[in-house]
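Survey of secondary and tertiary structure
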Amino acid sequence: MKKITSMLAALTLLSACTTAADVSTPLAAGGDKNAKFDIKDTANGFTVDLSYSRYQFVPEADALLVACRSIATTRAYEEAKSRGKEIQPINEQTLRVSTGRNGLSGRTSCRAFVEATWK
């Protein structure tokens, strides 16, 4: 019984491990497979609508919120750079973010929406 308990504890610890994402690839080029973007032009710039989800053995909504905000903001700056223009600095307070969790699959998800305005 002790061997089974030890094996289950080891398996639990190993299943909680994750690897870091590849940050050298731009998000627009599929740098994060968990992120899906919808970019729409507006009169003064464009909007970024992000759907992001990832498996979390232990739910960490705070960590996911930080990642979601960062990804949405980074994608806005990448889009502006790819168009050869600059945008106004994005105030994190203007980001709209919501999170949720599917307890059956263990996936925590978020939606983020940011408006980028040309300089």
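To keep things clear, this report deals only with the structure shown in the data block. (Residues numbered from 1 in each chain as written. Predicted model: local features only at pLDDT ≥ 70, side-chain atom pairs only at ≥ 80, totals over all residues. Heavy atoms only, no water.)

Quick notes on the packing of aromatic side chains
Scanning the entire structure with this criterion turns up one aromatic pair. Over the aromatic face of F37 sits the side chain of R75, whose NZ or CZ is 5.6 Å from the ring centroid. Across from the ring centre of W118, 4.6 Å away, lies the NZ or CZ of K85, which sits over that ring. (Phe/Tyr/Trp six-rings, centres within 6.5 Å; stacked < 30°, edge-to-face > 60°. Lys NZ or Arg CZ within 6 Å of the ring centre and 35° of its normal.)

A closer look at the state of the cysteines
Across all of its chains, the model carries one disulfide by this definition. Through a disulfide, C68 is tied to C110; the S-S separation comes to 1.9 Å. Handedness here is read from the sign of the S-S torsion; for C68 and C110, about 100°, the answer is right-handed. Placement of C68 in helix α2 (residues 61-82) and of C110 in strand β4 (residues 107-117) is noted, with a sequence separation of 42 residues between them. With a relative accessible area of 2%, C110 lands in the buried category. (Disulfide = S-S within 2.5 Å. Helix = DSSP H or I, 4+ residues; strand = E, 2+ residues; numbered from the N terminus. Buried < 20%, exposed > 50% of the residue type's maximum accessible area, 1.4 Å probe, protein only.)

Points about the pairing of strand β1 (residues 35-41)
Summarising the sheet, β1 and strand β2 (residues 45-55) pair through seven bridges and their orientation is antiparallel. Considered in β2, the bridge of D38 is made with D49. Between the end of β1 and the start of β2, which pair antiparallel, lie three residues. (Pairing = 2+ DSSP bridges.)

Re the nonpolar core
Formed by 20 residues in total, the largest nonpolar core has its most connected members in F46, L50, Y52, A76, I87 and V114. Taken together, the elements giving at least two residues each to this core come down to β2, α2 and β4. Among the elements that line this core, the one with the most residues is α2, at seven residues. Residues contacting L50, with those up to four places away along its chain left out, are A35, K36, F37, C68, I71, A72, C110, R111 and A112. (Core = buried A, V, L, I, M, F, W, Y, C linked by side-chain atoms within 4.5 Å. Contact = heavy atoms within 4.5 Å.)

Description of the pattern of salt bridges
Using the criterion set out here, one finds eight salt bridges in the structure. Where R83 meets D41, a salt bridge forms, and the shortest distance between an N and an O atom there is 2.6 Å. Of this pair, R83 sits in the loop between α2 and β3 (96-102) while D41 sits in strand β1, placing them 42 residues apart in sequence. A single salt-bridge network, built from bridges that share partners, covers D41, R75, E79 and R83. (Salt bridge = Lys/Arg side-chain N within 4 Å of Asp/Glu carboxyl O.)

Considerations on the sheet that holds β1
On the basis of which strands lie adjacent, the open sheet formed by four strands has the order β1-β2-β4-β3 and antiparallel pairing. With partners counted over all chains shown, the strands left at the sheet margins are β1 and β3, one partner each. In this sheet, adjacent strand axes meet at a mean angle of 10° when their direction is disregarded. In this sheet, β4 lies alongside β2 in antiparallel orientation, the contact comprising 11 bridges. Its bridge partner being in β4, Y55 is matched across the sheet by R107. Where α2 meets the sheet, it contacts β1, β2, β3 and β4, and its direction lies at approximately 145° from that of β2. (Axes fitted to C-alpha atoms, helices over the stretch in contact; angles between N-to-C directions.)

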